[in-house]
Amino acid sequence: MLRTALRNVLAHKARLAMTALAITLGVAFVCGTLVFGESVTHALRGASARSLKDVAVSVQAASRRASDKEADDTLSTALTGELADQVRALPGVTSVHPIVNGTATLAAKDGRPLNADSSWQNLATNHAPGTPGSDRDDRFPLNAGRAPATGGEIALDRHTAEKAGYAVGDTVRFATEGPTLTATLVGTVDTDDPRVTAGGTLALFDTGTAQRLFLQAGRFDELAVASAPGTDDQALTDRIRALLPTDGITVTSGARLADEQARQIAAGTKELTRTLLAFAGVSLFVGAFVIANTFAMLTAQRSRETALLRAVGASRRQVVRTVLAEAALLGLGASAVGIALGTGIAAATRPILNAAGAGLPPGPLIVSVDTLVRALLVGVGVTVLAAWLPSRKAARTAPVEALTAVDLAPPRRGLLLRNSLGTLLTGAGVLVMLYLATRRNGSDANLGAAALGSALTLTGVIVLAPLLSRPLVLLTGMITTRLFGATGRLARENALRNPRRTAATACALMIGLTLITGLSVTGSSMNAALRAAAVGALTADYQVTNTGSGGIDPALAAKVSAVPGVARAVPLASTSLGARGEYTTLTGADPHRFADVAALEFSSGSLAAVGPGRIALSDKLAEGTGLTTGDTFRGTVGFGHDKELTVAGVYRYTRVVGGALGAMDDVLPYADGGSPDTVLVKVAPGADGLDQRIREALGNSPLLRVQTQEQLTKAQSGPVDAVLGMMYGLLGMTVVIAAFGVVNTLAMSVVERTREIGLLRAIGLDRRGVRRMLRLESVVISLFGAALGIGTGIFLAWSCGSLARSSLPQYAIVLPWTSLGLFLLLGPTIGVLAALWPARRAARLDTLRAIGAH
């Protein structure tokens, strides 16, 4: 029986080619994901280890205010130069790097800020030689020039200098938390810090300048201690811990620090790997339909052969084993090719991502035995499982029945049972999704219900697909019949002949389009809501914000007002507000001037009523607290400041204002740094393109961001578009596999219908008509899958959309008609392309030989 299975695989190589390709693509996805994840993890661990290679012990100190005065923002730590000298004097210590850490946002040579949206990646530190009298810092080897030595000098890492367009000798503009500063670039360095290699920036100052910018003179954030060869680093860690004060200081061995970073890196890459594997699972699920359909057709075509095996003594169990062995051999060969392809994809992925700015560190390609075994088991396992039902069906066929009839229609009872089960699953899924549509929060329970309801609905539609195929195929068949006459009618009847086969072929395409349509509808709805949230009620033309942690100097608003063409510049401040157990943002502004830059929709009260002690609440906060216009309540403003406040009005929530709006004098004392954090700018009629002038009025500070309404909406929708683009690419694999399934079904149906095609040729259907009949059949099946997928995707996106409204009240379903039209056109396009080879093969059949075929 094993030889029989091997012979069957070799005898039907062409028929199994598309199935093998579907398995290969799915396994390549899985293997590529695993290899890429392990390779990136290894590379990041290596980069982290290199950055800590000379650190035997790390001493870190918590930052705190240098003074008890609330207005004093100077930070200090418990680490001093004297403590660093004491550590340096311990036996086994070869060097101590006293480190000052901070952030500095750089401006490129053309004035644009670098990494303005992720200032935490804009690292700044001091150039700290490990031994007194040395000018060499082993952490940052010099690439060109020299190290900074005075307050007017700076060094950058090589990639940052190249990205910003600076060369040694240029003047670099940067900002920490205050006004724009300048320094002369005196050198460039290399670094293995993963935060920098991943796209961040690095600025180096001399120690005195770094302490002045980020800490206090004579204080440090960290001591990086190097030890002599043969030193017990754990014992050295214990000696340093005993030497230093325990208040606010943490002493960790370099090995333990490296292990902690390695665990963090592994956890981060593990999430990425899981996400990619989820998409790989979808591709394999679609591939399973192709495999099952292939073996169902093969066992039907080989029913006479199976009957002969039964007649000479083969048991049903042996027939099942033969088909499963055939599937295992097919899965084994296809998985081996998929592993090779996936490894190549993983090798090419890192350079492609780095070219797009990912900044992944270099490292070897890691192909572990565990990865190979897992990929192989997945490929063979999915193939065998998909072939299990066809094998059992082949084994149940009686020898006499198989010898007398090659192709019997599926029994009505089987379809009745299937339709009943599909109706039950679909009904349960739809009920869960309709219930979900009435919910208004994204709790874990509702998210779980969304996953369950989506799975039930999709499974139910798959089970019901044979029943749904008849009305939908009849509808599309009416069009093909009217346009193409007899060939169109033949195509329709061929698609209706075996509803199970048509459904299995169409479902492979339906699953991919369901997910893509659901993502497209959700993405377009989310983008529309984010755009509305970003600029809702905003009539200002520009918004000025600080990308750092500090506020905006109030004098800058006056400078912006003086820019020619600016009609109004209104500063805003914000702090926290607690009211009856609800917490939100309280925005402060001059109510009379605020009306010029925003148009709030009040359901009660008015903006004019806002004043000292009188605040307006958003409808969201009013509903949560039960407060209405005229009510007085005790609120907590800022950190622990209780005030008696009166509700002056209720407005429709908008992200520009937040949960509440009050007078500037009530908010500013409790704002971060006691300063405004936003300036809204309204320009005079006819005055356009003032963003550069506004930046100049602000001193071209890289910390201050000037955005138009269009830029605000792009900043909100950009990440969503990026995620959707990535998901479209990943789900595109399912559509490709589904297309191979259509090719495979048509090619095998040509073999199955060889005599029928010969008879059609004999009664006058020419080669062109045969090709057209096969193409139209493929188009009908593909349109059925596309329509079913698009409809299911829209329903699931609509019912799940209510989960977003709790955090995004503006969310509403927006159908992307252009995208939906393209998805619908994708069906017939796939149908035409998939039919090219099968139609050509059918048209080339010899008429007499086809009629005589068995």
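What follows covers the pattern of salt bridges. Any two side chains of opposite charge can pair, so long as their charged atoms come close to each other. Counted by the stated rule, this structure contains 17 salt bridges. Between Asp85 and Arg88 there is a salt bridge, with its nearest N and O atoms 2.7 Å apart. Separated by 3 residues within a single helix, Asp85 and Arg88 lie in helix 3 (residues 81-88), roughly one turn from each other. Accessibility expressed as a relative area gives 45% for Asp85, which makes it partly exposed. Note that Arg497 and Glu756 form a salt bridge whose closest N and O atoms lie 2.9 Å from each other. With Arg497 in helix 15 (residues 486-497) and Glu756 in helix 23 (residues 754-762), the pair connects residues that are 259 residues apart, well separated along the chain. Glu756 gets classed as partly exposed once you look at its relative accessible area, which sits at 25%.

Moving on, we come to the packing of helix 16 (residues 499-535) against helix 24 (residues 767-800). Running from amino to carboxyl end, helix 16 crosses helix 24 at an angle of 35 degrees, the nearest separation of the two axes being 6 Å. The two elements helix 16 and helix 24 cross, and the hand of that crossing is right-handed. Per-class residue counts for the contact of helix 16 with helix 24 are 14 nonpolar, 11 polar and no charged.

Here the focus is the sheet that holds strand 1 (residues 57-61). Spatially, 5-15-1-16 is the arrangement adopted by the 4 strands of the open sheet, whose pairing is antiparallel. If you trace the sheet from one side to the other, it starts and ends with strand 5 (93-99) and strand 16 (249-253), each paired once. When the angles between neighbouring strand axes are averaged without regard to direction, this sheet yields 15 degrees. Along the sheet face, helix 3 touches strand 5 and strand 15 (222-227) and points at about 160 degrees away from the line of strand 5. Contacts from helix 7 (residues 233-243) reach strand 1, strand 5, strand 15 and strand 16 within the one sheet, and its direction differs from that of strand 16 by about 170 degrees.

Membership of the largest hydrophobic core comes to 44 residues, with the highest contact counts inside it found for Ile462 and Met510. When contributions to this core are tallied by element, the ones reaching two or more residues are helix 2 (13-51), helix 8 (254-301), helix 14 (444-484), helix 15, helix 16, helix 22 (709-752), helix 24 and helix 25 (817-834). Ranked by the residues each element gives to this core, the list is headed by helix 16, at 9 residues. Listed in part, the 41 residues of the second largest apolar core include Leu79, Val96, Ala164 and Val251.

Another point: the packing of aromatic side chains. Applying the stated rule across the entire model yields 5 aromatic pairs. An aromatic cluster is defined as three or more aromatic residues linked by ring pairs; in this entry it consists of Phe174, Phe205 and Phe214. Cation over ring: Lys620 sits above Tyr653, and NZ or CZ is 5.3 Å from the ring centre.

Compared with the 16 Å implied by 1.5 Å per residue over 12 residues, the 16 Å span of helix 15 between its first and last C-alpha is a close match. When helix 15 is considered as a whole, its buried residues turn out to be Thr487, Gly488, Ala491, Arg492, Asn494, Ala495 and Leu496.

A positive phi is found at Arg580, a non-glycine position, where the angle reads about 50 degrees. Position of Arg580 relative to the elements: it lies in the loop between strand 18 (566-579) and strand 19 (582-589).

The subject of this paragraph is the packing of helix 24 against helix 26 (residues 836-843). Taken N-terminus to C-terminus, the directions of helix 24 and helix 26 make an angle of 150 degrees; their axes are 8 Å apart at the nearest point. In this structure, helix 24 crosses over helix 26, and the sense of that crossing is right-handed. Contact residues: Arg767, Val770, Arg771, Leu774 and Arg775 in helix 24; Ala839, Arg840, Ala842 and Ala843 in helix 26. Taken together, the residues that form the contact of helix 24 with helix 26 break down as 5 nonpolar, no polar and 4 charged.

The element strand 21 (residues 614-618) is extensively covered by neighbouring structure, given that 4 of its 5 residues are classed as buried. Relative to strand 24 (residues 660-663), strand 21 is paired through 2 bridges, and the arrangement is antiparallel. Of the residues in strand 24, the one forming a bridge with Ala616 is Leu661.

Listed as buried for helix 7 are Leu236, Thr237 and Ile240. Within helix 7, the buried residues cover an arc of 105 degrees as seen down the axis, which keeps them to one side. Against strand 1, helix 3, strand 5, strand 15 and strand 16 lie the buried residues of helix 7. Backbone nitrogen of Gln234 and a side-chain oxygen of the N-cap are separated by 3.1 Å at the start of helix 7; the cap is Asp232.

Calculation notes
- Residues numbered from 1 in each chain as written.
- Predicted model: local features only at pLDDT ≥ 70, side-chain atom pairs only at ≥ 80, totals over all residues.
- Heavy atoms only, no water.
- Salt bridge = Lys/Arg side-chain N within 4 Å of Asp/Glu carboxyl O.
- Helix = DSSP H or I, 4+ residues; strand = E, 2+ residues; numbered from the N terminus.
- Buried < 20%, exposed > 50% of the residue type's maximum accessible area, 1.4 Å probe, protein only.
- Axes fitted to C-alpha atoms, helices over the stretch in contact; angles between N-to-C directions.
- Left-handed = near helix turned anticlockwise from the far one by under 90°.
- Nonpolar A, V, L, I, M, F, W, Y, C, P; charged D, E, K, R; others polar.
- Pairing = 2+ DSSP bridges.
- Contact = heavy atoms within 4.5 Å.
- Core = buried A, V, L, I, M, F, W, Y, C linked by side-chain atoms within 4.5 Å.
- Phe/Tyr/Trp six-rings, centres within 6.5 Å; stacked < 30°, edge-to-face > 60°.
- Lys NZ or Arg CZ within 6 Å of the ring centre and 35° of its normal.
- Expected span 1.5 Å × (residues − 1).
- Arc of directions from axis to C-beta.
- Polar contact = N/O pair within 3.5 Å; in protein donor to acceptor, adjacent residues only side chain to side chain.

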